[in-house]
Amino acid sequence: MLSRLPQAVLRSQNPIRASRSVFSSFKPNGASQARFASSSSSGSAQSLLSSRTSLISVSLFSAGSIAWYTHLYGSLPFIGEVHANSLADDGLHPAVYPWPHKGWFDTFDHASIRRGFQVYREVCAACHSLDRIAWRNLVGVSHTVDEARVLAEEIEYTDGPDDNGEMFQRPGKLSDYLPAPYPNEEACSRRLIIKARHGGADYVFSLLTGYMDPPAGIEIRDGMNYNPYFPGGAISMARLLFDGLVEYDDGTPATTSQMAKDVVTFLNWAAEPEHDERKRLGLKAVILFSTLFAISIYIKRFKWTVIKNRKILYNPPVDKAH
């Protein structure tokens, strides 16, 4: 039958068959290229994600290291401070002491706060005030209610006017603030001295225990005292703490360093009365939000696992002619 067909018809059919064979031969190659492209795209996405994670991790580590260095030494690393003062003008840098309340989960030594209040009351209160610290703030921290009430009643406060329009004196109450040595409310307030000085508690402790005779070649004017931790080295406040100056109720030896440590602890509490409560609430918040984060991760994986783990396959059509 094919022999009866014209030669022209047979010639016209050959290109069609050739095109079909070529098209069918290219189909599997196209599918393999599509699969290769999808696999390469997923690989590039994973590498991009890992590179971003690494970049974020390195950035956070660098920022944390710079912040910690600045917290310890007070200046940025590799960048000098631009100022006109010399190291002697800024004072000797204090040493870093292991305070018991310095850790993330540590609280104040309340026995030390009680002894520090005694040192402040007997030694420091004659010149320095603690504004915004009331007798009631001592309750539950260093004293009981009865002890704080007795301490407050020892002070006479001006109150009034009375029914006759005159001011009068009355014993102190728990709601009264600690008395100031001067009528000026802003004079010699030391409530925030720990937070107001670079070095914090380390600086104040070093200042209280750092009095000494001036070295050779340094002259101190009359009425001034040499202390290398004070900027300039000359300070008008004389040395106040000496061994045995106070007698602690609990029998602790009242050495100079012990009294300095106790009064610095008390001043640190006065600057941050919420210190212990803040750490307690912070620990609760970390536990709570960590639990919620773990639950959210579990729910996210539970809800999205079907979609993220499904597999899509493409089966190209098979040419039945071959």
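All values reported here derive from a predicted model rather than from experimental measurement.

Peer 1: Even after reading the chapter, I still don't get the overall build of the chain, so can you show me in this structure?
Peer 2: Scanning the chain from N- to C-terminus turns up eight helices and four strands. Across the chain, helices and strands are ordered from the amino to the carboxyl terminus as α-α-α-α-β-β-α-α-β-β-α-α. Counting only residues that meet the buried cut, the chain has 25% of its 322 residues in that class. By sequence separation, contacts in the chain at least 24 residues apart represent 60% of the contacts at least 6 residues apart. Surface summary for the chain: the accessible area is close to 23000 Å², and the carbon and sulfur share equals 61%.

Peer 1: Is there a simple way to explain the layout of surface pockets in this structure?
Peer 2: Empty pockets left among the atoms are what a rolling probe the size of a water molecule brings to light. The calculated volume of the largest pocket comes to roughly 800 Å³. For the largest pocket, the lining is made up of 25 residues, of which H71, K102, G199, G200 and D202 are closest to its centre. Sorting the residues of the lining of the largest pocket by element identifies α1 (7-73), α5 (193-196), α6 (201-209) and α8 (275-308) as the ones contributing at least two each. By residue class, the composition of the lining of the largest pocket is nine nonpolar, nine polar and seven charged.

Peer 1: Would you explain the environment of S257 in this entry?
Peer 2: Within the secondary structure, S257 is located in helix α7 (residues 256-271). Between the C-alpha atom of S257 and that of F242, which follows or precedes it by 15 residues, the distance is 9.0 Å. Here S257 is in contact with F205 and T209, once residues within four sequence places are set aside.

Peer 1: What is the right way to read helix α4 (residues 145-153) from this model?
Peer 2: The α-helix winds at 3.6 residues per turn, so residues separated by three or four positions along the chain end up facing the same way. Those residues of α4 that sit buried are A148, L151 and A152. Looking straight down α4, one finds its buried side chains confined to an arc of 100 degrees; they lie on one side. The inward-facing, buried residues of α4 abut α3 (110-124), β1 (156-159) and β2 (168-171).

Peer 1: Looking at this structure, how should I read the side chain of D276?
Peer 2: Within the secondary structure layout, D276 lies in helix α8. For the buried D276, no salt bridge is present, and the opposite-charge side chain at shortest range is K279, 6.3 Å distant. With sequence-adjacent residues up to four places away left out, D276 is seen in contact with T107, F108 and H110.

Peer 1: Would you mind going over unusual backbone geometry with me for this structure?
Peer 2: Keep in mind that most residues, glycine aside, have a negative phi and that most peptide bonds are trans. Note the cis peptide between G160 and P161, where omega equals 5 degrees. For P161, the location among the structural elements is in the loop between β1 and β2.

Peer 1: Explain the packing of aromatic side chains to me, please; I cannot follow it from the model alone.
Peer 2: Where two aromatic rings form a pair, the distance of their centres and the angle of their planes describe that pair. Counted under the stated rule, the structure contains seven aromatic pairs. Ring centres of F117 and W135 lie 6.2 Å apart, and the angle between their planes is 85 degrees; this geometry places the pair in the edge-to-face category. Residue F117 is located in helix α3, and its partner W135 is located in the loop between α3 and α4; the two are separated by 18 residues in the primary sequence. For the residue pair F117 and W135, the accessibility class agrees, reading buried in each case. Ring centres of Y298 and F302 lie 6.3 Å apart, and the angle between their planes is 20 degrees; on these two criteria the pair is classed as stacked. With a gap of four residues between them, Y298 and F302 both fall in helix α8, about one helical turn apart. Residues Y298 and F302 agree in their burial class; the two are exposed. Sitting over the ring of Y248, R115 keeps its end group 5.8 Å from the ring centre. Positioned above the aromatic ring of Y177, the side-chain terminus of R132 is 5.5 Å from the ring centre.

Conventions we followed
- Residues numbered from 1 in each chain as written.
- Predicted model: local features only at pLDDT ≥ 70, side-chain atom pairs only at ≥ 80, totals over all residues.
- Heavy atoms only, no water.
- Helix = DSSP H or I, 4+ residues; strand = E, 2+ residues; numbered from the N terminus.
- Buried < 20%, exposed > 50% of the residue type's maximum accessible area, 1.4 Å probe, protein only.
- Contact = heavy atoms within 4.5 Å.
- Areas by Shrake-Rupley, 256 points an atom, 1.4 Å probe, with all protein chains shown as cover.
- 1 Å grid on protein atoms, 1.4 Å probe; cavity = no way out; pocket = protein on both sides within 12 Å on 5 of 7 lines; lining within 4 Å.
- Points joined across faces, edges and corners; volume = space filled by probe spheres on them.
- Nonpolar A, V, L, I, M, F, W, Y, C, P; charged D, E, K, R; others polar.
- Arc of directions from axis to C-beta.
- Lys, Arg positive; Asp, Glu negative; His and termini not counted.
- Salt bridge = Lys/Arg side-chain N within 4 Å of Asp/Glu carboxyl O.
- Phe/Tyr/Trp six-rings, centres within 6.5 Å; stacked < 30°, edge-to-face > 60°.
- Lys NZ or Arg CZ within 6 Å of the ring centre and 35° of its normal.

That's the geometry; what it means functionally is another story.
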